[in-house]
Amino acid sequence: MQWAFNIVAVLTLLSAAAALSLRNLVHCALCLAGALGGLAVLFLQLNAQFVGLAQILVYVGAVAILVVFAILLTRGADFSKQPALSPSWVVGAGVAVLVLGSLVAAIRTMTATGVLPSAPPLVAVRDIGARLMAEYVLPLEVVGLLLTVALIGGVVIALQEKRR
Amino acid sequence: MLGEGILKGMVETARNFFGSYRSRERLVTVQYPEERLPMKENARNFPFLVYDGVDAEKGLRCVACKICEKECPPQCIYIILERDEKGKPQKHPKVFDIDLSVCMSCQICVEVCPFDAIKMDTEFELSCADRFGGLLVHKPQLAKSNEYYHQLHPADAEEVDARLAAEKAKAEAKAKAAVAPSTAKPPSVPRPTPAK
Amino acid sequence: MATTIDQVFVNLKLWAVGLFPAAWQPLVSALLSIIAIIGVFATLFAITTILERKGLGRIQNRYGPNRVGPCGILQPMADGIKAIIKEDVVPRSADKLVHFLAPVVLVAPVFLVYSVLPVGRNMTPLDLDAGVLFFFAIGATTELAVFMAGWASHNKYSLLGAMRAIAQMISYEVPLLLSTVPVIMAVGSLSTVRIVAAQTGYVGWLPRWFVFTPWGLAGFILFVIAATAESNRSPFDLPEGESEIIAGYFIEYSGFKFALFFLGEYLGLFAVSGLAITLFLGGWSAPLSFLTWIPSWVWFFAKLLAMIGAFIWVRGTVPRLRMDQLMNFAWKFMLPMALINILAVAVWRYLPAGFWRWPACAGVVWLPYLALGRGLAGSKRVTKRVYRYAA
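Not measured: the values here are computed from a predicted model.

Undergrad: Break down the pairing of strand β1 (residues 47-51) of chain B for me, with residues and values.
TA: Side-chain direction in a regular strand flips from residue to residue, so the side chains alternate between the two faces of the sheet. Residues and elements named next belong to chain B. Burial runs high along β1: 5 of the 5 residues are buried. Sheet topology places β1 next to strand β4 (residues 118-120); 3 bridges connect them, and they run antiparallel. When the sheet's bridge partners are listed, proline 47 is paired in β4 with methionine 120. Bridge analysis of β1 against strand β6 (residues 143-145) gives 3 bridges, and the strand direction is parallel. Residue valine 50 lies in a different strand from β6, and its bridge partner there is lysine 144.

Undergrad: Can you break down the sheet that holds β4(B) residue by residue, with the values?
TA: All names here are of chain B. Taken in spatial order, the 3 strands make up an open sheet running β4-β1-β6, and their pairing is mixed. The sheet is open, and its two edges are formed by β4 and β6, each paired on a single side. Put simply, the sheet's adjacent strands are angled 55 degrees from each other on average, direction ignored.

Undergrad: Just give me the short version of the packing of aromatic side chains, but keep the residues and values in it.
TA: Residues and elements named next belong to chain C. Within the structure shown, the criterion is met by 32 aromatic pairs over all chains. Considering the side-chain rings of phenylalanine 210 and tryptophan 215, the 5.2 Å spacing of their centres and the 40 degrees angle between planes classify their relative orientation as tilted. Each of the two residues, phenylalanine 210 as well as tryptophan 215, counts as buried. Joined through ring pairs, the aromatic side chains of Phe45, Tyr249, Phe250, Tyr253, Phe258, Phe261, Phe262, Tyr266 and Phe270 make up one cluster. Just above the ring of tryptophan 348 sits the side chain of arginine 357; from NZ or CZ to the centre is 4.0 Å.

Undergrad: Could you give an account of the interface of chain C and chain B, naming the residues involved and the relevant values?
TA: The interface of chain C with chain B comprises 19 residues on the first partner and 20 residues on the second. Both sides together, the interface formed by chain C and chain B hides about 1,700 Å², and carbon and sulfur atoms give 61% of it. Considering only the side of chain C, the residues that lose the most area to chain B are Arg58(C), Asn61(C) and Tyr63(C), jointly responsible for 40% of the buried surface there. The interface formed by chain C and chain B includes 1 salt bridge. The salt bridge partner of Glu34(B) is Arg67(C), with a shortest N-O separation of 3.1 Å. Our count for the chain C to chain B interface comes out at 9 residue pairs in polar contact (both at pLDDT 80 or more). Contributing elements (two or more residues each) for the side of chain C that touches chain B: α3 (25-59), α13 (296-317) and α15 (357-378) of chain C. In terms of residue count, α15(C) provides more of the side of chain C that touches chain B than any other element does, 5 residues in total. For the side of chain C that touches chain B, a count of residues per class yields 10 nonpolar, 6 polar and 3 charged.

Undergrad: So, the interface of chain A and chain C: which residues are in play, and what are the values?
TA: Every contact between the two is made by 21 residues of chain A and, on the other side, 24 residues of chain C. With both sides pooled, the region where chain A packs onto chain C buries about 2,000 Å², and carbon together with sulfur makes up 81% of that total. Three residues stand out in chain A for area buried against chain C, namely Leu53(A), Leu57(A) and Ile65(A), and they jointly supply 27% of the buried area on that side. If you look at where chain A meets chain C, you find 4 residue pairs in polar contact (both at pLDDT 80 or more). Among the secondary structure elements, those contributing two or more residues to the side of chain A that touches chain C are α2 (25-45), α3 (49-74) and α5 (125-134) of chain A.

Cut-offs applied
Residues numbered from 1 in each chain as written. Chains lettered and ligands numbered in written order. Predicted model: local features only at pLDDT ≥ 70, side-chain atom pairs only at ≥ 80, totals over all residues. Heavy atoms only, no water. Buried < 20%, exposed > 50% of the residue type's maximum accessible area, 1.4 Å probe, protein only. Helix = DSSP H or I, 4+ residues; strand = E, 2+ residues; numbered from the N terminus. Pairing = 2+ DSSP bridges. Axes fitted to C-alpha atoms, helices over the stretch in contact; angles between N-to-C directions. Phe/Tyr/Trp six-rings, centres within 6.5 Å; stacked < 30°, edge-to-face > 60°. Lys NZ or Arg CZ within 6 Å of the ring centre and 35° of its normal. Contact = heavy atoms within 4.5 Å. Buried area = accessible area lost by both parts, 1.4 Å probe. Salt bridge = Lys/Arg side-chain N within 4 Å of Asp/Glu carboxyl O. Polar contact = N/O pair within 3.5 Å; in protein donor to acceptor, adjacent residues only side chain to side chain. Nonpolar A, V, L, I, M, F, W, Y, C, P; charged D, E, K, R; others polar.

Spelled out as structure tokens, the structure:
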């Protein structure tokens, strides 16, 4: 299935590049959704069903829509006449280099590098669920609490605007 | 209880659904080309020319006076008077055209016609492939018999017939009275008074 | 004999795949499944359009289409031919590429979703470990397509329609997902095949479908309501409310692209109906134990047609909601009920099997339902409307 991987990888990279370079913000957002979807397909190819599907459900289904809404509600879809690089590109590049550096450092210190398992382990969704509910139940609850707080915060903001 | 109203509504629509198969009275739709509603007596849409007798050309009541042509608001009527070889007017239209694509069914031509020669038709299935030529109807298509008029608007037709007969009788009486002094004058077409 | 007919399509596919060299077999197998899905469900779409128009007609005491062919049964063909030969108009100010891509992006995932539905015994094209998750993940991408259509048309109505559609789909996706959780909890698997397998047994004559348990009935009703909203059908058809925004997000589409949107909408409806059947109505299993000789795929499609009929019935009955009613219903009724239903299945699971868990579980669902219903209706008293000026 090497060719399938190649096609998906090229498409993902292309749409990621387009998301960075296109002028129309809505096009950028759509390309971003395409790149995220491509990533999900790569996960699925690696037999990581849960991660791949969650990626589609969360990123393509929700985050991309959120981005699109944010663009439409704030700036409209106007074709801005700005230069392709924003004035603060130096800062952005610095952040990117930092992230890349930390990632590379993390990967280099990882013990498992270079040791490919003969076949990717097939993790059943059931096992993930069991782990989340037993071993990692505290982080899960904390994340749940955080999201609830965010939800309530959103409701509070919306209510205040309504009352005025 | 929440949802009760929806359930009631569902029962009602289900009753409609099955009822429409059980009793045909529920289905109010008239299946048009096969079944039709009877036409109302005052229905009208486009004008036609009335003729008496059997010959459409000779019996035409129209005398080509062109009043309707002048009165027609959208000017959809076109008339040419017939003349004999010497150029004498013949009191008969040579050409009588109505452009149905222009006509607005106002019935003013019928109102103004002093000879009761033009009346409103109820024929509405006039669609044709040629919207220019096909909707410009000529004298032969326009001429329809008095019997046809009787079928369309019986009450009106009776009244018109009675009036025409009365006028004819009056004219004949007048002609008889006039025959005594001078016989040279041929009995002409009765000169009717304009309709009230 | 019964088994032969039951497995006829499975064996046919095995035989057809066997004709090809081994290297090609996975590809051929996938292609055959794809062809079968597209063929069967596109035909079902055609049947549904005529059923819907006839059914709605009868509900409104009309005949419905009855001109093309005997009793109008060839109407879908006439519609299809019309859609194909119509001119494809693209607005001048539209975003051409996105405008073109939107119907494709809408229809492709909808077809993909069918691959996890078990339409018969051993007849699941793609038996995924996370089948239900796959269904919802792929289904979620249609929202993006709706946005693409609405935005690219460069028309205020289409953008409004797209906004409405997305707001509605996101709101109702939450109760839709939560109403499936009880089933997943009861079965302990996300695989559609295993969910159906858990419902195949019989108690006496009666089947062990989840819809016959208190939490299953509540979950089924919640799921169907959310599915109606998710597939933009009446009474939740605000995104395309004809009387308000003409056709919503596909207002600027014509010809075959319009037909694709229509197709996508109906196929989405069939897909969620199929999932409802899989989750609550026992999938392809027969409704009574002595009817098992009828092939499993017949049962699946019979149930699917029954679901479609119910959707048509609801469409003929309930008028369209207002936007605030829609949102209130989603967040103040559907979401709490879905969460309570999860509690109910927990009660069901941890009480010992016997008579007492029935009233306990039913009470857990029923009492909040009554309270919520009273709370929602409380302040407003529905009375007969009085007209002041009209006599």
